[in-house]
Amino acid sequence: MKDHSCQCLEWPYPLLYDKVQKVTTDVLILGGGIAGCWAAIAAAKKGVLVALVEKGAIIRSGAGGSGCDHWESAATNPCSRITPEELTKAMIKAHLGYNNGISHYIECREGYDRLLDLERIGGKIRDTEDEFQGAEFRDEKTKFLFAYDYENKFTLRVWGTTFKPALAKECRRLGVSVFDRTMATSLLTEGGKQGARVVGATGVNCRTGEFITFQARATVLCMSRPTRIWLFSPGLPGISEFRPPQCTGDGHAMGWKAGVEFAMMEKSVKGEWSGIRSFPPYGTGNTHNTWYACNMVDADGREIPWVDRDGRILTDISQRYRPAPGQRLFLKGGGEPDIPNYEFQWPDILPVEKLMANGFKLPFYADLASMPEKERKAIWGLMVGEEGKTKIPILETYTEAGFDPKKHLLQSYGEGWKSGGFLPQERQFFGLPGGMVNDWRLRTNLEGLYAAGDQLFASNCHGHAAATGYYAGRHAAEYAKEAVAIIIDSKQAERERIRVYAPLKWADGIGWQELNMCISRIMQHYCGDIKSEELLTTGLGLLKDMQNNEAPQLSAKNPHELVRALEVLNVITNAEIVLNACLVRKASSKPLHFRRSDFPEIDPPEWNKLVTIKCEKNEVATGEKPLDYYGSLKRNYEFYNADYLEERQS
Amino acid sequence: MKSKKVFIHPEAAPLKPLAFKAGICDGCNRCVEVCQVDILVPHPEKGKPPVVVFPGECWYGGCCVAICPKPGAIRLNTPLMNRVHWKQKICP
């Protein structure tokens, strides 16, 4: 075979830099991951025209496109022993109030509805082949498999690799106009004014470079949380972060420029996952998440004890999946806080310090072989296999290399599920990070603009993305039915076209990787673990300099590089939002993982509130909201969703 | 803006995320179409394996392998630095 890895190729797609495609629709969905596909389905079911814009291809794109092993907060499933109200309140309390009561109540209330929808369109949500018949975690009547808390049964083990292709097919069946390989670049507002009604967006095709304008009555932002802010590798950008590299938080950046209000953007946590700092997610021996509650042994094969929240040694495996005596429930899954919370603490192995003191020797290993057969198969084969990014890179690759869960011990690295060690300044948006402020319709502060999934503040997992996506899609459609169509501002679109194509002017300017590396270095130095006024303002100044001097020299030689360059410009904007939000909160905070050397007091009562920021007349405008601004969960939900409730009942 | 012919040079990356077997791969390009990062392009000659033009951007998600209809045509190479260790369990 002729080796094409070292020769020049002609760009294989037509180049359409000189074309502008104009699209008019009722509801425009930006981002075709889990939230975006569900939003498109909900809107299309309402009988309106829907356009869905996705940078990759909706069949597998987004953070949840490759799979999902467990579906959290399905509180309305028939086996659940907890109400949506109780579970949402627990989730809020576990984060000391810093959570999105509205979006998580939607998750608890409607997540199970989405699972049933998935089953109808070809997703697998129950053990139809009776593979796990008789297992403690299986409900024999419904054939549902549960994870974590077997008493309360609100988290389901699912076959999530079947989900995204089913959603993509359903979008097309419902007549959604899908714009794959299209990066949304900006929001268009009425009269081109910041803070005005959103009337559409612009995009650029990632392969042809064609510029597209979308005019819409309503728009739903469904893109990723910001990434590549602190963590970046210019040589291996693909594995710099946990999420796919093109999930850069473009929605946050374009929302900021349009005047969207944000909350909790000052929160960042020490890195959880990154291929450049840790081993592949779910690919090492541990006891968390997908691997809960696997047996562990030390270097000599000595079994590591499990304890409940009161330090009582658990004598059998079944106890690891049940709340402690006197405990109502425990919270475990993808979004648990790093801060231990006695009320919701899950059973765990003894802390490392105690193990060292008791003579346990490193390294530790996951011992699947000694797990009961069905628990072993649920971890290795079902959860490792169905979880995103595990079927090929972990399950198949390890099996091919000779790993046998019945014979081998898999080594553990770093702390728990993190699979590696991070420095305090190597930070990420993880565990309920910042995002857009929403009301009970999942509308942002801008008329015509809705948000779902990772776009929202305190966003979480797959079930949250699905439930909020569907919810935002149907509310956007309701709005679109009544709203007057506004012609997009041609001058605003033209300004954006010029901005988008600017990197093509330079044959030999600055590469996107260099600029991204520089941003992450600035953020590690000036917005690391411990922050201060001077650090943050200096960091902002450095970013501003880069914005003025280096960013205009960004260079791209083809549409693919152009998209990467535009992403880096968004990373700069997102870094600026973070720095500004950090400046506003003049107190340290435990639940926000936020430390200021100039304001060391932790969570003083006057700062127990959401700090909000937005861009107004191109200046930073700040505000605040009480932590419980969501009000009465049940009453508000039922008030805003009477139609949906009636529809589901019938 | 006037469009002109553009050429690309597959980037030199420290890793080679994908390996194709020419005898098995028939160049159907399903992997090209599923890759959300868009690191592959179709081979200039029809029926030949795609070309990995942006290897450094690979997310190692494996969707390309999962969608491939020809077993063994495409292989995902875990980065060497990310290879984990396991050992035989010795039963007492």
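First, a word on scope: everything that follows refers to the structure included in this document. (Residues numbered from 1 in each chain as written. Chains lettered and ligands numbered in written order. Predicted model: local features only at pLDDT ≥ 70, side-chain atom pairs only at ≥ 80, totals over all residues.)

Quick look at the overall build of chain A
Logical step 1: Helix and strand content of chain A: 16 helices and 24 strands.
Logical step 2: Computed over C-alpha atoms, the radius of gyration of chain A comes to 24 Å, within 12% of the 26 Å expected from 2.2 N^0.38 for 650 residues, which places it in the range of a compact globule.
Logical step 3: Seen through its principal axes, chain A has C-alpha atoms that stretch 70 × 70 × 55 Å.
Logical step 4: Looking at chain A as a whole, 60% of its 650 residues qualify as buried.
Logical step 5: Sequence separation of at least 24 residues holds for 75% of the intrachain contacts in chain A that already meet a minimum separation of 6. (Helix = DSSP H or I, 4+ residues; strand = E, 2+ residues; numbered from the N terminus. Rg over C-alpha atoms; globule rule 2.2 N^0.38 Å. Buried ≥ 20, exposed ≤ 12 C-beta atoms within 10 Å, placed from the backbone. Contact = placed C-beta atoms within 7 Å.)

Observations regarding the interface of chain B and chain A
Logical step 1: Taken together, the contact between chain B and chain A spans 45 residues of the former and 53 residues of the latter.
Logical step 2: Broken down by secondary-structure element, the contributors of at least two residues to the side of chain B that touches chain A are β1 (7-8), α1 (30-34), α2 (63-67) and β6 (86-88) of chain B.
Logical step 3: Counted by class, the side of chain B that touches chain A contains 27 nonpolar, 11 polar and seven charged residues.
Logical step 4: In terms of strand pairing, strand β1 (residues 9-10) of chain A meets β1 of chain B through two bridges, oriented antiparallel. Within β1 of chain B, the position partnered with L9 of chain A by the bridge is I8 of chain B. (Nonpolar A, V, L, I, M, F, W, Y, C, P; charged D, E, K, R; others polar. Pairing = 2+ DSSP bridges.)

Some thoughts on the packing of helix α13 (residues 533-549) of chain A against helix α14 (residues 559-584) of chain A
Residues and elements named next belong to chain A.
Logical step 1: Where α13 contacts α14, the two axes come as close as 10 Å, and the packing angle between them is 160 degrees. Taken together, the axis directions place α13 and α14 in an arrangement best described as roughly antiparallel. As α13 packs across α14, the resulting crossing turns out to be left-handed. Listed contacts from α14 to E533, L536, G539, L540, L543, M546 and Q547 of α13 are I572, A575, E576, L579, C582 and L583.
Logical step 2: Of the residues contributing to the contact of α13 with α14, the split by class is nine nonpolar, two polar and two charged. (Axes fitted to C-alpha atoms, helices over the stretch in contact; angles between N-to-C directions. Parallel < 35°, antiparallel > 145°, perpendicular 65-115°, else oblique. Left-handed = near helix turned anticlockwise from the far one by under 90°.)

Describing the nonpolar core
All names here are of chain A.
Logical step 1: Ranked by size, the top nonpolar core spans 214 residues in total, and within it V27, I29, A39, A40, L52 and V220 carry the most contacts.
Logical step 2: Broken down by element, the residue count for this core peaks at 15 residues, all from α14.
Logical step 3: Setting aside anything within four residues of it in sequence, one finds L52 in contact with I29, G32, G36, A40, I58, C171, V176, S177, V178 and F179. (Core = buried A, V, L, I, M, F, W, Y, C linked by C-beta atoms within 7 Å.)

Regarding the packing of helix α1 (residues 34-45) of chain A against helix α4 (residues 163-173) of chain A
All names here are of chain A.
Logical step 1: Between α1 and α4, whose axes approach to 9 Å, the crossing angle comes to 30 degrees. Comparing their axes, α4 and α1 come out roughly parallel. Pair α1 / α4 crosses with left-handed handedness. Facing C37, A40 and I41 of α1, the residues of α4 in contact are L167, A168, E170 and C171.
Logical step 2: By residue class, the composition of the contact of α1 with α4 is six nonpolar, no polar and one charged.

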